[in-house]
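Structural overview
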Amino acid sequence: MLEVRNVSKVFENQRGVQHMDFTMQRGEIVGFLGPNGAGKTTTMRMITGYLLPTKGIISLDGHIMAEHPREAKRKIGYLPETPPLYMEMTVHSYLKWIADLRDIPIRETKKRISDVMDRLGLIGRENQIIRSLSKGYKQRIGLAQAIVHNPDLLILDEPTSGLDPKQITEIRDLIRELGERHTVLLSTHILQEVNSLCTRVMIVNQGRLVLDENTDQIGHRMNGGNVQVELVPNCERTKAEEILNGIEDISKIVWDGESNRCTVTSSKSNENGINLNQSNSLNEQIFFAFAKADVAVHELKTRLMSLEEIFLKLTSGGM
Amino acid sequence: MRRLWAICRKELQMYFFSPVSYVAFAIYFVIEGYMFSNQFTTMQIVDVRIIFSNMSMIFLFIVPLLTMRLISDELRHGTDELLMTSPANLAEIVFGKYLSSIIVLFALIGGSLMYPAILGRFGDLDMPVLWMSYVSVFLLGASMMAVGLFASSLTIHQMVAGIVSFASLLLLSMIGMLGNSMLTDWKDTLGLFSLIERLGKFQVGVLSIPDLLFYVSFSLLFVVLTILVLERKRLR
């Protein structure tokens, strides 16, 4: 539903975003990761139509943002990093105003507003001045503003930043709930958030998209793109090394201290990591090699890289 | 239209939330009232011109106060992201804001109707002069508001916007005097751009179409410039 095609943004004296290219399908919750200044906000601002890309095309359900901004914008709900609130307004008058701005049919306005207030737990605060509410509630109003017109795509720029742990959990639960009805693109610094919320993760670094993968697949990206398998053979180290050296794919064996645990690295790899099948085949090869030599293996597992490791690796210029 | 009106309505609300606008309203009514009563009691004649003689000077002070917030505040609080990512386009946003300032202007000028009401009790009023003068100060105010709106789009700081619009309005008001004193060769040309000198014909009771068109196109020019400034921010 969202297509970002080869989009670049060049600012006057700094690099913005380069050759951003991805699509999003209906129902996805995508986590957008990257260090500060990597271009997350810029990308989001281009998708929402706040900034115009220098090059490239952004379209939503076939409506190109640069050509039909009104149609495209109607499909997007956007919560910027600081919720765009008018502090002097009451919660209700603010949402009423948003409804007018967002072309919500007058007859439906009342229902939509009460519906959204209900979903975001704002009932009972209708007539409070926004300034007097806590940061967590302000964030909720920001979310309410983004979903009141029932958009297909929800763009959230660091929705949990600056909140206390309880509020973070609340907002996260809300986002998870919203993910059932909307497609969500959210940027964050908190990697755990991506693990718990998102179906897919994209990492940007220095204005480039360096990783785009489903969260359940991401752990299988290995160190430097190599497959690593951890095992505990029930025999002497020398014997085990002998067996392992018989497998031609294995390039490195590292023993873990004094224990019998070792990590083997396969040389067979591709640039962008591997898929499940490849790591399984190495597991199998190791299993059968030991079986042939009549040696038991107590543990045998593919070593997965955590999101933290991947993030640090990708954003520190390595790989 | 609904979006434009929504933006206009919000701005009107903001006028009444903001202490600055109350200061501006107070300056307007106190100074205008003082000048009127002072001149009327000393001169003791029924002359509607004394209502309008000081208005351009008062506008010079209150217009920056009333317009400086309009766009700079949105830029400062990030609410421009909300406006620009809504289905409203820039023209609707800017015209909505401008319209709200025009409505405030209309209300302020409407408030000064009490002076002719007072004058009317003491003698006959020169109706053409009275109404054309009202038209003229309205046009003047609307043009000044457009300049203020434009200044407000240039910066995220209200105060800077206020100072910029005060300085530009001061310059535009004095441009005629400049022709009289220093740049005498340019007197006629400069006079064409003087916001104040254009008031002359209206204030003798004549509806001067060229002057009317001048004020309207002057206002439009600055509103369009505001739109362009904001459009440029998106391109950077």
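Rules and cut-offs
Residues numbered from 1 in each chain as written. Chains lettered and ligands numbered in written order. Predicted model: local features only at pLDDT ≥ 70, side-chain atom pairs only at ≥ 80, totals over all residues. Heavy atoms only, no water. Helix = DSSP H or I, 4+ residues; strand = E, 2+ residues; numbered from the N terminus. Buried < 20%, exposed > 50% of the residue type's maximum accessible area, 1.4 Å probe, protein only. Contact = heavy atoms within 4.5 Å. Lys, Arg positive; Asp, Glu negative; His and termini not counted. Charge placed at Lys NZ, Arg CZ, Asp CG, Glu CD. Buried area = accessible area lost by both parts, 1.4 Å probe. Salt bridge = Lys/Arg side-chain N within 4 Å of Asp/Glu carboxyl O. Nonpolar A, V, L, I, M, F, W, Y, C, P; charged D, E, K, R; others polar. Pairing = 2+ DSSP bridges. Expected span 1.5 Å × (residues − 1). Bend = angle between axes of the 7 residues up to and from the residue. Phe/Tyr/Trp six-rings, centres within 6.5 Å; stacked < 30°, edge-to-face > 60°. Lys NZ or Arg CZ within 6 Å of the ring centre and 35° of its normal. Core = buried A, V, L, I, M, F, W, Y, C linked by side-chain atoms within 4.5 Å. Axes fitted to C-alpha atoms, helices over the stretch in contact; angles between N-to-C directions. pLDDT = per-residue confidence, 0-100. Left-handed = near helix turned anticlockwise from the far one by under 90°.

So, about the overall build of chain A. Looking only at helices and strands, one finds 11 helices and 14 strands in chain A. C-alpha extents for chain A along the principal axes are approximately 80 × 45 × 35 Å. Expressed as a percentage of its 319 residues, the buried residues of chain A come to 51%. When contacts within chain A are restricted to residue pairs at least 6 apart in sequence, those whose partners lie at least 24 apart make up 68%. Taking the average location of the 39 positive side-chain charges in chain A and that of its 41 negative ones, the two points are 7 Å from each other.

The interface is formed by 33 residues belonging to chain A together with 29 residues belonging to chain B. Where chain A abuts chain B, roughly 3000 Å² becomes buried across the two surfaces, and 53% of that area is made up of carbon and sulfur atoms. Inspection of the chain A/chain B interface yields five salt bridges. Broken down by element, the residue count for the side of chain A that touches chain B peaks at six residues, all from helix α3 (residues 91-101) of chain A. Broken down by class, the residue content of the side of chain A that touches chain B amounts to 19 nonpolar, four polar and 10 charged.

Time to look at the pairing of strand β13 (residues 262-266) of chain A. Residue and element names in this part refer to chain A. In terms of burial, β13 is a largely internal element, five of the five residues being buried. Side-chain alternation along β13 places Cys262, Val264 and Ser266 on one buried face and Thr263 and Thr265 on a second face that is also buried. Relative to β13, strand β12 (residues 250-255) runs antiparallel, the two sharing five bridges. Considered in β13, the bridge of lysine 252 is made with threonine 265. Connecting the antiparallel pair β12 and β13 is a turn made up of six residues, with glycine 257 showing a positive phi of about 55°.

A few words now on the sheet that holds strand β1 (residues 2-10) of chain A. Across the sheet, four strands lie side by side as β2-β1-β4-β5 (chain A); this open sheet has antiparallel pairing. The strands lining the two open edges of the sheet, one partner per strand, are β2 (15-24) and β5 (63-64) of chain A.

This part is about unusual backbone geometry. A negative phi holds for most residues other than glycine; trans holds for most peptide bonds. Residues and elements named next belong to chain A. Phi is positive for asparagine 150, which is not a glycine, with a value near 55°. Within the secondary structure, asparagine 150 is located in the loop between α5 (135-147) and β7 (153-157). The phi dihedral of glutamate 158 is positive, around 45°, even though this residue is not glycine. Residue placement: glutamate 158 occurs in the loop between β7 and α6 (165-178). For glutamate 158, a relative accessible area of 7% translates into the label buried.

This part takes up helix α10 (residues 158-181) of chain B. Spacing of three or four residues puts side chains on the same side of an α-helix, whose turn is 3.6 residues. Residue and element names in this part refer to chain B. With 24 residues, α10 should reach 34 Å at 1.5 Å per residue; the first-to-last C-alpha distance of 34 Å fits that figure. Its axis deflected by about 45° at isoleucine 175, α10 carries its strongest bend there. Of the positions making up α10, those classed as buried are Ala161, Gly162, Ser165, Leu169, Leu172, Ser173, Ile175, Gly176 and Gly179. In the core, the buried residues of α10 are packed alongside α4 (55-67), α5 (69-77), α9 (127-152), α11 (187-192) and α13 (209-235).

Moving on: the packing of aromatic side chains. Residues and elements named next belong to chain B. Under the criterion given, the structure shown has 19 aromatic pairs over all chains. Between phenylalanine 150 and phenylalanine 222, the aromatic rings sit 5.6 Å apart at their centres with planes inclined by 65°, giving edge-to-face as the arrangement. Here the residue phenylalanine 150 occupies a position in helix α9, and phenylalanine 222 occupies one in helix α13, the gap between them amounting to 72 residues. In this structure phenylalanine 150 comes out as buried when scored by relative accessible area, which is 18%. On the basis of relative accessibility, which here comes to 14%, the residue phenylalanine 222 falls in the buried class. Here the aromatic residues Phe150, Phe214, Tyr215, Phe218 and Phe222 are joined through ring pairs into a cluster of three or more. When the ring centre of tyrosine 15 is taken as reference, the NZ or CZ atom of arginine 69 above it lies at 5.2 Å.

Okay, the nonpolar core next. In this structure, Leu2, Ile47, Leu153 and Leu185 of chain A together with Ile51, Phe59 and Leu66 of chain B are the most contacted members of the largest nonpolar core, which totals 89 residues. Examining the composition of this core, we find that 14 residues originate from one element, α9 of chain B, more than from any other. Beyond its immediate stretch of four places on either side in the chain, isoleucine 47 of chain A contacts Leu2, Val4, Phe22, Ile58, Met65, Ile76, Leu153, Ile155 and Leu185 of chain A. In terms of nonpolar packing, the next biggest core, distinct from the first, is built from 57 residues, Leu85 and Phe311 of chain A together with Ala6 and Ile93 of chain B among them.

Once that is clear, we can look at the sheet that holds strand β11 (residues 228-233) of chain A. Residues and elements named next belong to chain A. Taken in spatial order, the four strands line up as β12-β13-β11-β14 in an open sheet, and their pairing is antiparallel. Each end of this open sheet is capped by a strand with a single partner; those strands are β12 and β14 (297-302). Averaged over all neighbouring strand pairs, the angle between strand axes comes to 20°, with direction disregarded. Here β11 pairs with β14 via five bridges, running antiparallel. Residue glutamate 230 lies in a different strand from β14, and its bridge partner there is lysine 301. Sheet strands touched by helix α9 (residues 237-245): β11, β12 and β13. Its angle to β12, the strand with the most contacts, is close to 160°.

Before going further, it helps to examine the environment of methionine 202 of chain A. All names here are of chain A. Its place among the elements puts methionine 202 in strand β9 (residues 200-205). The class for methionine 202 is buried, based on a relative accessible area of 0%. Sequence separation of methionine 202 and lysine 111 is 91 residues, and the distance between their C-alpha atoms is 36 Å. Sequence-distant contacts of methionine 202, defined by excluding residues within four places in its chain, comprise Phe22, Val30, Gly31, Phe32, Leu33, Leu185, Leu209, Leu211 and Asp212.

Glancing now at the confidence of the model for chain B. Residue and element names in this part refer to chain B. Residues at a pLDDT of 70 or more form 100% of chain B, whose mean pLDDT is 92. Mean pLDDT in chain B bottoms out at α11, which sits at 79, and peaks at helix α7 (residues 90-111), which reaches 96. Taken together, the chains of this predicted complex give a pTM of 0.85 and an interface ipTM of 0.88.

To continue, consider the confidence of the model for chain A. Of all residues in chain A, 92% have pLDDT values of 70 or greater, and the mean over the chain is 85. Taken together, the stretch residues 270-276 of chain A has pLDDT below 50 and engages in 13 contacts with residues farther than four places along the chain or on a different chain.

Take the packing of α4 of chain B against α10 of chain B next. All names here are of chain B. At their nearest, the axes of α4 and α10 sit 9 Å apart, and the two run at 145° to each other. When the axes of α4 and α10 are compared, the crossing they make is right-handed. Counting all contacts with α4, which are made through Leu60, Phe61, Val63, Pro64 and Thr67, the residues of α10 involved are Gly162, Ser165, Phe166, Leu169, Leu170 and Ser173. Classifying every residue of the contact of α4 with α10 by side-chain character gives seven nonpolar, four polar and no charged.

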